[in-house]
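Reading the structure
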Amino acid sequence: MNKTDKKQKSKILQMIFLAIKGFIIGIANVIPGVSGGTLALVLGIYEDLIDSISHFISKFKKSISFLIPVLIGIILAFLSMSHVVTYCLDNYLFATVMLFFGAVLGGMPMLTKVIKKEKVTFSRILILILTFAFTIGLLFINKGNANVSLEHITFTNILLWILIGAIASATMVIPGVSGSAFLMTIGYYEPIMNTVKSLTLSDTSKGHAIAVVCIFGVGVVLGIAGISKLIDFLLKKYRISTFWGIIGFVLASALVIIIQNLFFGGISNNLAGTSVIEYILGIALFFGGFFMAYKLGDK
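If you're wondering where the values come from, they're calculated on a predicted model, not measured in any experiment.

So, about the side chain of Asp232. Assignment of secondary structure puts Asp232 in helix H11 (residues 207-237). A polar atom in the side chain of Asp232 sits 3.5 Å from the side chain of His55.

Have a look at this one:
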């Protein structure tokens, strides 16, 4: 095999790895309490992702080659796993939650490696505490209106959905903050998930669903572009302090996954009927998720 063939093979493998990581990030954004930004950090592509989005025009070729496989993975996850994830959360809650709990913690060694040789200051500890407290605090915002409907596309609704899409996508990019949890808080999680699910069903009209998804998509693009510029600036100007803040987000995110999915509504109610086998499976998935995240992040 000559050098050109080896280079081509290496590039294809890199794209496959990026698509797999995008797929995992996509799954994370479906589960309430799990942060897509955290998983991007855990998988070792967060800074490249921010750089590609915030410098999309100036680094067009590089950004496209990075973003396309990641976006393909994310889109495939949304379309294929929206049914699977909701089914697993409904029927195997403990095991599903433990998998992502382990995955988030598996990324911590990679993050602490960035700051371990740097000076510990009061301001950096304060930043960690504030980001930790902010993420935990989001859990206690009252849940939104249960009567949210996406049936009527009006000018007012278009503007509202674009705004919601922008805010939700911004929370998806910030490590430790869950976009799906935000949507659940304001009452839009189930309507949006049902709309996405309808795109994969053969017995429904998809025109309305496609229109709704596109409207939210405009907001998502605007939100990601805006927040990526801010994070890119912070990483370049205040890298170590920013990582202290990110670690606060991620530590809180690990707790949020447990609290949001197991404790809200009562742990006894949420885990009612959970078998011993599922508890054992959950523990195994925790270590599996930890190991997978640690290795993927290392790569």
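Helix H10 (residues 189-198) sits mainly inside the fold: eight of its ten residues count as buried. Those residues of H10 not exposed but buried are Tyr189, Pro191, Ile192, Met193, Thr195, Val196, Lys197 and Ser198.

A word on the packing of H10 against H11. If you want to describe how two helices pack, look at the angle between their axes and the distance between the axes. Between H10 and H11, the least distance of the axes is 9 Å, while the angle of their chain directions is 125°. Taken together, H10 and H11 sit at an angle that is classed as oblique. By crossing handedness, the relation of H10 to H11 is classed as left-handed. Contacts between H10 and H11 involve Ile192, Thr195 and Ser198 on the former and, on the latter, Ala209, Val212, Val213 and Phe216.

Turning our eyes to something else, we now look at the packing of aromatic side chains. Taken as a whole, this structure holds nine aromatic pairs when the rule is applied. Both rings, one in Phe233 and one in Tyr238, keep their centres 6.3 Å apart while their planes meet at 75°; by these two values the pair is edge-to-face. Since its relative accessible area comes to 42%, Phe233 is described here as partly exposed. Assessed through its relative accessible area of 48%, Tyr238 is described here as partly exposed.

This part is about the side chain of Ser63. Checked against the element boundaries, Ser63 lands in helix H4 (residues 60-91). We classify Ser63 as buried; its relative accessible area is 1%. Not counting the four nearest positions on each side in its chain, Ser63 is found in contact with Ser52, His55 and Phe56.

We now examine the packing of helix H8 (residues 155-173) against H11. Contact geometry of H8 with H11 gives a least axis separation of 6 Å together with a crossing angle of 45°. In terms of their interaxial angle, H8 and H11 are classed as oblique. In terms of crossing hand, the pair formed by H8 and H11 is right-handed. Residues Ile158, Trp161, Ile162, Ile164, Gly165, Ala166, Ser169, Ala170 and Val173 of H8 touch H11, and the partners they reach there are Val212, Ile215, Phe216, Val218, Gly219, Val220, Leu222, Gly223, Ile224, Ile227, Ser228 and Ile231. For the contact of H8 with H11, a count of residues per class yields 16 nonpolar, five polar and no charged.

Quick look at helix H12 (residues 239-263) now. The terminal C-alpha atoms of H12, which comprises 25 residues, lie 35 Å apart, in line with the 36 Å expected from a rise of 1.5 Å per residue. Where H12 bends most, at Leu255, the angle is about 25°. Within H12, 19 of the 25 residues are buried, which leaves the element mostly enclosed by the surrounding structure.

Attention now goes to the environment of Lys206. Along the chain, Lys206 falls in the loop between H10 and H11. Overall, Lys206 belongs to the partly exposed group, its relative accessible area being 28%. Distance from Lys206 to Thr195, taken between C-alpha atoms, is 9.1 Å for residues eleven residues apart in sequence.

What counts as what
Residues numbered from 1 in each chain as written. Predicted model: local features only at pLDDT ≥ 70, side-chain atom pairs only at ≥ 80, totals over all residues. Heavy atoms only, no water. Helix = DSSP H or I, 4+ residues; strand = E, 2+ residues; numbered from the N terminus. Polar contact = N/O pair within 3.5 Å; in protein donor to acceptor, adjacent residues only side chain to side chain. Buried < 20%, exposed > 50% of the residue type's maximum accessible area, 1.4 Å probe, protein only. Axes fitted to C-alpha atoms, helices over the stretch in contact; angles between N-to-C directions. Parallel < 35°, antiparallel > 145°, perpendicular 65-115°, else oblique. Left-handed = near helix turned anticlockwise from the far one by under 90°. Contact = heavy atoms within 4.5 Å. Phe/Tyr/Trp six-rings, centres within 6.5 Å; stacked < 30°, edge-to-face > 60°. Nonpolar A, V, L, I, M, F, W, Y, C, P; charged D, E, K, R; others polar. Expected span 1.5 Å × (residues − 1). Bend = angle between axes of the 7 residues up to and from the residue.

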